[in-house]
Each structure stands twice: as structure tokens, then as C-alpha cells.
Amino acid sequence: MTTARGVFVREHGEREVLEVREHDVPDPGPGEVQVRVAAAGVNFIDVYRRQGVYPGATPFVLGDEGAGTVAAVGADVSSFAVGDRVAWAQANGSETTLVNQPAHLLVPVPDSVDLEVAAAAMLQGMTAHYLTTSTYAAGPGDVALVHAAAGGVGQLLVQLLVAKGATVVATAGSDEKLQIARQLGAAHLINYATVPDLAAAVRDAAGRGVDVAYDGVGRATFDASLASLRPRGLMVLFGGASGQVPPFDLQRLNSGGSLFVTRPKLGDYVADREELEWRAREVLDAISSGSLRVEIGGRFTFDEAAQAYAALEGRRTTGKLILVPGDEAAA
């Protein structure tokens, strides 16, 4: 048994329910790896868990994503050894100094990739990967709409789409954020805070309806995303930063031109160990080679967790936010 320090949700609610406290971490059990955490990713799924949108017993340690160094391994674990550098997404309890995680959810991190960058890249990197390779296999000739293009997933989507030869129409809530998308290769930029008709602006910029709309904003942009599609285009709703999309009449898909809508999640695209390793390897190798850039938009200590989530929920950030155990951070 070892004492660790982590960010707890004491009961479901808003940011005031977060508290940092010590807790005991047992030795890793069979199939588990104990990791000394270097950094944990800050994600909207944490907000949903904190609020109780995704039900679960309280109290619990927050966070589904992180990276660190292996401190111990349990029985039957042969894939990792003490000292290995590892990262994960979709493994609970990450915002702590020490955690036991299932070995099958961990992936190796190349020595050339900083652990803080790995923690920032896992969930959003693999999300951008499956969205552009599997949900819709983008390529030359495709026109893709990316909302919140300066955000964590948005920046990665723009880069991966451009690398595949697709034309990107990027939206964001300020001209400053749009310049980030331009630097990453977006061909068309739209400030959705200043246009009266977002769908019309997208169609004007692209010269036609888009082939695919990647929408992690949700309620605020969903209708415009549907209206931006070409006939038989695909609407990919992968998040709800502005709120969840209410039920809608499926007949709208018919009248819009036989449209498609999907609401994917990462877990279904890393359904087995082989798929997880493939996606993680491609993301981390791209980071290592320099072909994929991950912007850490804010670095907060565990004690500053409420500030980090306030920035995330307020959509005031660019890039990815991370939490680190130490006393120093630069948000």
C-alpha cells in the first residue's frame, strides 16, 4: 500500500465538488500496472462524469487519460516492466500521483515523445485518428468542415485531414483562433461569432456542400452542420461542448438530401488490443516525426483543477489542457 495524492469528485455537481486529497493505492493486482503519473489530460468526458451525466458511485478520482512511468507490475503482466514509459486513454482515476491501470489499456510511449505531450495526445489524438480514417476515410477531393478548429481535437483533425489531401473549412469563435487553423493548413476560415448564417457561410466558402462535418460543439452548431452537407453527406457528432443535441426528426435527413448522422465514441474504435495499438502507434509516431503537432494550451497543478475545468467548459482555450502533480504550472 502506497499513499498518493489525487483530484477527487466528492459528489456529483459543478467544479466546487472537486477536492485534492491523499488516498491509499494498493499494490497492483493480476493484470495491472502501477504507474507514477507525469500528467493527466483534461477532457469533457471528465465534466460529464463529474456532473453525473455518466452515472457512477462517488467519491472517485477524476480523469480518464494520462501518461507516466511504470513503478510496479502485477502478476501475469509480461508486456511492461518497471521504468517503461506508458500512456492511456479511457482508464479511470488518472488525476493522481500513482495509479493502478489494466495493462491491456496501456500503450508504450517512444523515448522521443515527452510524457506530458503523450498525456495530451492520447484521447484526442486517437479520436482525430478514428474520425479521419474510419468514421469517414477522408482523402483528396473531399471537403471537410471542422468546428472549434483551434481546440484540442480540432487542431489534430485539421492536420490529419490536410495530410490526407482533403480541403478543410475551419470554424472558431475568434479571429485569433482561426489563425491557428490557418497555420495548420485550413483552406477556409469562418468566425461563427460574426456570421448570421453559418451554413450559408460554409457553403459559400467551400463552393458547395461539404462531404463531412466534424462537430464536437453539439447543440450550438448541429443544425448548421446538417445544413452544410452535400446530398448523402455525413454529419459526425463526436461531442457536446455547448450542450447535448436534443432529439430531432429523422425526416430532416431525407429532406436534406439522404444525409447520414453518426454519434461515435472512441471506445468502439479501439475495440481490441490490435486496434488500440495501431491508433496509438500512428499518433505517437506522427508526433515523434514532427508531422503532427500537439499544442498544450494550459498546464495546471492538481490544486488548480477547478481552474482548468473552468477554462475548458468556458471554451476559452486553444489546444489541450493538462494537469500535473507538481507545484509549478503555467496556464
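The structure reproduced in this document is the subject of the present report. (Residues numbered from 1 in each chain as written. Predicted model: local features only at pLDDT ≥ 70, side-chain atom pairs only at ≥ 80, totals over all residues. Heavy atoms only, no water.)

## Structural notes on empty space enclosed by the protein
Argument step 1. Inspection of the entire model under this criterion finds 1 cavity of 30 Å³ or more.
Argument step 2. When its volume is computed, the largest cavity comes out at roughly 40 Å³.
Argument step 3. Lining the largest cavity, in full, are Gln124, Gly151, Gly152, Gln155, Leu156, Arg293, Val294, Glu295, Gly319 and Lys320.
Argument step 4. Counting residues per element, the lining of the largest cavity draws most heavily on helix α3 (residues 152-163), which supplies 3 residues.
Argument step 5. When the residues that make up the lining of the largest cavity are grouped by side-chain class, the tally is 2 nonpolar, 5 polar and 3 charged. (1 Å grid on protein atoms, 1.4 Å probe; cavity = no way out; pocket = protein on both sides within 12 Å on 5 of 7 lines; lining within 4 Å. Points joined across faces, edges and corners; volume = space filled by probe spheres on them. Helix = DSSP H or I, 4+ residues; strand = E, 2+ residues; numbered from the N terminus. Nonpolar A, V, L, I, M, F, W, Y, C, P; charged D, E, K, R; others polar.)

## Side note on the sheet that holds strand β1 (residues 2-9)
Argument step 1. Taken in spatial order, the 3 strands line up as β2-β1-β4 in an open sheet, and their pairing is antiparallel. Either end of the sheet is taken by a strand with one partner, and the two such strands are β2 (18-25) and β4 (60-61).
Argument step 2. Sheet analysis places β1 next to β2, joined by 8 bridges and oriented antiparallel. Looking at the pairing, Thr3 lines up with Asp24 of β2. (Pairing = 2+ DSSP bridges.)

## Re the sheet that holds strand β13 (residues 229-237)
Argument step 1. Here we have 6 strands laid out as an open sheet, ordered β11-β10-β9-β12-β13-β14, and parallel in their pairing. Looking at strand neighbours, the two that pair on one side only are β11 (188-191) and β14 (260-262), the edges of this open sheet. Across the sheet, the axes of successive neighbouring strands diverge by a mean angle of 15°, strand direction being ignored.
Argument step 2. Two elements, strand β9 (residues 143-146) and strand β12 (residues 210-215), share 3 bridges in a ladder whose sense is parallel. Counterpart to Val146 in the pairing with β12 is Tyr214.
Argument step 3. Together, β9, β10 (167-172) and β12 form the strand contacts of α3, whose direction differs from that of β9 by roughly 170°. (Axes fitted to C-alpha atoms, helices over the stretch in contact; angles between N-to-C directions. Contact = heavy atoms within 4.5 Å.)

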